[in-house]
Amino acid sequence: MEKDDVTKIRELVEDLKFAMVTVPVREGDLHSRPMTLQEIDDDNRLWFFIASDSELATQVGQDPRVNAAFASKETWVSVAGRAAVVQDAERIDRYWDSFVEPWFDGRDDPRVALLRIDASSAEYWDTPGGRVTTVLSLVKSVATGEPMTGDHGTVEL
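So, how was this worked out
- Counting restarts for each chain: residues are numbered from 1 in the order of the written sequence.
- Where local features are concerned, this predicted model is filtered to residues with pLDDT of at least 70; where side-chain atom pairs are given and counted, the filter is 80 or more; whole-chain, interface and lining totals use all residues.
- Note that the side-chain values use all heavy atoms of the structure and ignore hydrogens as well as water.
- What counts as a helix is a DSSP run of H or I of at least four residues, what counts as a strand is a run of E of at least two, and both are numbered from the N terminus.
- Residue contacts follow a heavy-atom distance rule, with two residues in contact if any of their heavy atoms lie within 4.5 Å.
- Areas reported here follow the Shrake-Rupley algorithm with a probe of radius 1.4 Å; residue values treat only the protein chains shown as occluding.
- Residue exposure (1.4 Å probe, protein chains only): buried if accessible area is under 20% of the type maximum, exposed if over 50%, otherwise partly exposed.
- Regarding the arc, it is the one traced by the directions from the helix axis to the C-beta atoms.
- Note on ring pairs: Phe, Tyr and Trp rings are taken, using the six-membered ring of Trp, and paired if centres are within 6.5 Å. Classes follow the plane angle, with under 30 degrees stacked, over 60 edge-to-face and the rest tilted.
- Definition used for salt bridges: Asp or Glu carboxyl oxygen within 4 Å of a side-chain nitrogen of Lys or Arg.
- In this description, strands pair whenever DSSP reports at least two bridges between them.
- The predictor reports its confidence for every residue as pLDDT, a score running from 0 up to 100.
- The criterion is simple. A nonpolar core is a set of buried Ala, Val, Leu, Ile, Met, Phe, Trp, Tyr and Cys residues joined through side-chain atoms within 4.5 Å.

(A) Representation of the overall build of the protein in the model. In terms of helices and strands, the protein carries four helices and seven strands. Listing each helix as α and each strand as β along the protein from the N terminus yields α-β-β-β-α-β-β-α-β-α-β. Put simply, 65% of the contacts in the protein that link residues at least 6 apart link residues at least 24 apart. For the protein, the accessible surface area stands at approximately 9,300 Å², while carbon and sulfur atoms represent 52% of it.

Here it is, written out as structure tokens:
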């Protein structure tokens, strides 16, 4: 794994901010929920607020395998790893803001916790240049029969 690959993943995830976090449930089914990323730290761990008594917290306790999928009109990132529900008062204080408040009964609500995802791998698809570049690449691909170009990579973290 090259440092540039990890940097690319980190930059893409930080820019996207919103993820669908997927966990396995009953007999192999999958369930996804939207969550807001608070941080991707120096150890490539993703941090989200979570209620400690939520269904997601229970599911992570039963099977910690997760996937966080981030997307925009030009970029997609899929991060696989293992999750844990943690009480980290320092991080909670650092991340707490008015957008978190409505989900809890204040900062001192005992249910306030964090979902930490320890990323093990990530895959991304990016179309630098945005929509215009994507359309031009599609037109070129149709005209020449060559595959579309874009930036894609898989990174073991």
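(B) The arrangement of helix H2 (residues 55-62) in detail. Inspection of H2 places Leu56, Ala57, Gln59 and Val60 among the buried residues, and these make up the whole buried set. Each buried residue of H2 sits inside an arc of 165 degrees when the element is viewed along its axis, so together they form one side. With respect to the buried face of H2, the exposed residues turned more than 90 degrees away are Glu55, Gly61 and Gln62. Where the residues of H2 are buried, they touch strand S1 (18-24), strand S2 (30-40), strand S3 (45-51), strand S4 (65-71), strand S5 (75-86) and strand S6 (112-126).

(C) Region of interest: the packing of aromatic side chains. Taken as a whole and judged by the stated rule, the model has four aromatic pairs. Where Phe49 meets Trp96, the ring centres are 5.7 Å apart and the plane angle is 85 degrees; that geometry is what we call edge-to-face. Here the residue Phe49 occupies a position in strand S3, and Trp96 occupies one in the loop between helix H3 (89-95) and S6, the gap between them amounting to 47 residues. Grouping aromatic residues by their ring pairs yields a cluster made of Phe49, Tyr95, Trp96 and Phe104.

(D) Molecular detail of the pattern of salt bridges. A complete count under the given rule lists 16 salt bridges for this structure. Close ionic contact of Arg116 with Asp118 constitutes a salt bridge, the shortest N to O distance being 3.0 Å. The class of Asp118 is partly exposed, set by a relative accessible area of 28%. Because the salt bridges share partners, they merge into one network encompassing Glu39, Asp41, Asp43, Arg45, Asp88, Glu90, Arg91 and Arg94.

(E) Highlighting the pairing of S1. Here S1 lies mainly inside the structure; five of its seven residues are buried. Between S1 and S2, which pair antiparallel in sequence order, lie five residues; one of them, Glu27, sits at a positive phi of approximately 45 degrees. Sheet topology note: the S1/S4 ladder contains four bridges and is antiparallel. Pairing of Met20 across the sheet is with Ala69, part of S4.

(F) Expanded view of the pairing of S6. Here S6 lies mainly inside the structure; eleven of its 15 residues are buried. Sheet topology note: the S3/S6 ladder contains seven bridges and is antiparallel. Pairing of Leu46 across the sheet is with Ile117, part of S6. Relative to S6, S5 is paired through twelve bridges, and the arrangement is antiparallel. Bridge pairing in S6 places Ala83 opposite Ile117.

(G) Representation of the confidence of the model for the protein in the model. Mean pLDDT for the protein: 86, with 82% of residues reaching 70 or above. Looking across the protein, the model is least confident in helix H4 (residues 130-144), with a mean pLDDT of 50, and most confident in S3, with 98. This stretch, residues 131-141, has a pLDDT under 50; its non-local contacts, to residues over four places away or in other chains, come to 13 contacts.

(H) Quick look at the nonpolar core. Counting residues in each nonpolar core, the largest one holds 31 residues, and the members touching the most others are Leu46, Phe48, Phe70, Val77, Leu115 and Ile117. Counting residues per element, the ones that place at least two in this core are helix H1 (3-16), S1, S2, S3, H2, S4, S5 and S6. When residues in this core are grouped by element, the largest group, six residues, is from S6. If sequence neighbours within four positions are ignored, Ile117 has contacts with Val21, Asn44, Arg45, Leu46, Phe48, Val66, Ala68, Gly81, Arg82 and Ala83. Val86, Tyr95, Val100 and Phe104 belong to the second-largest nonpolar core, a separate cluster that totals eleven residues.

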